[in-house]
Amino acid sequence: MSVLRDLIDRAASRPAHIVMSEGTDPRVVEGAVTAVKSGIARITLIGPEDAVQAALVRAGLPNAPAIAIEDPENSALTDEIATALHDIRKHKGMTPQVAARRAQDPLVFAAMMVRLGYADGTVGGAVHTTSDTVRAALQVIGKAKDAPLVSGFFLMALPENHPSGRDAMIFSDCGLVIDPTCEELAAIAVASAASCRHLLGKEPRVALLSFSTKGSAHHEKVSKVTDALDLLKQNHPTLKADGELQFDAAFVPAVAASKAKDSEVAGTANVMIFPNLDAGNIGYKIAQRIGGCDAIGPVLQGLAKPANDLSRGCVASDVTNMIAVTVLQARA
């Protein structure tokens, strides 16, 4: 069974209510329709009711009981959302008038539905930028109390029968934290290991990536990675993690035997922690576009409730897969 099929099946065993902030986008509607037909979620689509209904008709699922529509301009929830938004943002100077206007924003409206318990999670980003999507999630849903920071990862589903014998990996952070400190890098590693365990059902084996392997180069950028490993070893001694490792040493057993023969992670890592956003973003896109991986994400970790971002280059199947991931996060 492919890892994506497994995600769908696991989500279908405990469906959740997911709100989609971009309810008129054809990819979002098609992906939502597939999610409903697969039994993984009840869906609320945000947008002008006529436009959303027309998109549903085109997708072949009009008047579906498992798909609701909320139009922020006339929804029965809009006043409550505006009042709640003012309450949580007035310390930042937000006035009731600004809150009423912001409540019309579909990203904010969807995130407030999750915060207020009207939905279990939200997905956006097919149309809006990552910065807009994440900003709404951070300002409205907020960081989990026990999370040092919010970060993002991609679930990379490898092509079936990949020569490595693997089916999926976690790449992090590929979408949010631009240049993490060693402390932030360690926190991203811990969160990503937990995401691996929960979403993939696998024991995480964490590689802290660099252009150096085990002292082959000396530079402050390498030191940041080794300092992060020291923090992991101090604070999470049972977590299987190693670094600094080049990608080939982390991924290929034969290379690991040559470059890092004493490592318990090298050659078998399934959680790849990139040293900065440049490396992470470039790395996942190379794996996706040249390596043929399916890239689900950026999936956000560290929020109080699930809110996830889609790439603006996504297709409908990416939307369905992200809904499944969000359902699993909501049921964690």
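Please read all numbers here as calculations on a predicted model, not as lab measurements.

Chemist: Explain helix α1 (residues 3–13) residue by residue, including any values.
Modeler: Residues that lie three or four places apart on an α-helix share one face, since the helix turns once every 3.6 residues. Within the span of α1, buried status applies to Val3, Leu4, Leu7, Ile8 and Ala11. Take α1 and look down its axis: the buried residues cluster within an arc of 145 degrees, on one side only.

Chemist: Now, about the packing of α1 against helix α13 (residues 316–330): what can you tell me, with residues and values included?
Modeler: Taken N-terminus to C-terminus, the directions of α1 and α13 make an angle of 50 degrees; their axes are 9 Å apart at the nearest point. Viewed along their axes, α1 and α13 adopt a mutual orientation that is oblique. Here the hand of the crossing between α1 and α13 comes out left-handed. Of the residues in α13, those in contact with Leu4, Leu7, Ile8, Arg10 and Ala11 of α1 are Thr320, Asn321, Ala324, Val325, Val327 and Leu328. Looking at side-chain class alone, the contact of α1 with α13 contains eight nonpolar, two polar and one charged residues.

Chemist: If you had to explain the pairing of strand β1 (residues 16–20) to someone new, which residues and values would you point to?
Modeler: Where burial is concerned, most of β1 is hidden: five out of the five residues are buried. Judged by which residues are buried, β1 turns out to be covered on both faces: Ala16, Ile18 and Met20 on one side and His17 and Val19 on the other are all buried. Sheet topology places β1 next to strand β2 (residues 41–46); five bridges connect them, and they run parallel. Each residue of the ladder has a partner; that of valine 19, found in β2, is threonine 44. At this point the chain moves from β1, through helix α2 (residues 26–37), to the parallel β2, and the crossover so formed is right-handed. Relative to strand β4 (residues 121–124), β1 runs parallel, the two being bridged by three bridges. Considered in β4, the bridge of methionine 20 is made with valine 123.

Chemist: Explain the sheet that holds strand β11 (residues 307–309) to me, and be specific about the residues and the numbers.
Modeler: Reading across from one edge, β3-β2-β1-β4-β11 is the order of the five strands in this open sheet, with parallel pairing throughout. For this open sheet the edge positions go to β3 (67–70) and β11, each flanked by a neighbour on one side alone. Recorded for the sheet is a direction-independent mean angle of 25 degrees between the axes of neighbouring strands. The sheet contact formed by β4 and β11 spans three bridges and is parallel. Bridging from a neighbouring strand, threonine 122 pairs with alanine 307 of β11. Packed onto the sheet, helix α7 (residues 130–141) meets β4 and β11 and runs at close to 170 degrees relative to β11. Strands β1, β2, β4 and β11 of the sheet are contacted by α13, whose axis makes an angle of about 130 degrees with β1.

Calculation notes
Position numbers for residues start from 1 in each chain and track the written sequence from start to end. Per-residue local features are limited, in this predicted model, to residues with pLDDT of at least 70; the limit for side-chain atom pairs, both in listing and counting, is 80 or more; totals at the level of whole chains, interfaces and linings are taken over all residues. Where side-chain values are given, they derive from all heavy atoms of the structure, hydrogens and water being excluded. Partly exposed describes any residue whose relative accessible area lies between the buried limit of under 20% and the exposed limit of over 50%, with all areas from a 1.4 Å probe on protein chains only and scaled to the type maximum. In this description a helix means any DSSP run of H or I spanning at least four residues, a strand means any run of E spanning at least two, and both kinds are numbered starting from the N terminus. The reported arc concerns the directions from the helix axis to the C-beta atoms and nothing else. Lines are fitted to the C-alpha atoms to define the axes, a helix being fitted only along its stretch in contact, and any angle between axes, read from their N-to-C directions, falls within 0 to 180 degrees. When describing relative orientation, an angle under 35 degrees is termed roughly parallel and one over 145 degrees roughly antiparallel, while 65 to 115 degrees is termed roughly perpendicular and anything else oblique. Crossing handedness is defined as follows: a turn of the near helix away from the far one that is anticlockwise and smaller than a right angle gives a left-handed crossing, while the clockwise case is right-handed. Throughout, a contact is declared for two residues whenever any of their heavy atoms are within 4.5 Å. The residue classification treats Ala, Val, Leu, Ile, Met, Phe, Trp, Tyr, Cys and Pro as nonpolar and Asp, Glu, Lys and Arg as charged. All others, Gly included, are polar. For two strands to pair, DSSP has to find at least two bridges joining them. Viewed with both strands pointing away, a crossover whose connecting path from the first strand over the helix to the second turns clockwise is right-handed.

Keep in mind that these numbers describe shape and distance, not what the molecule does.
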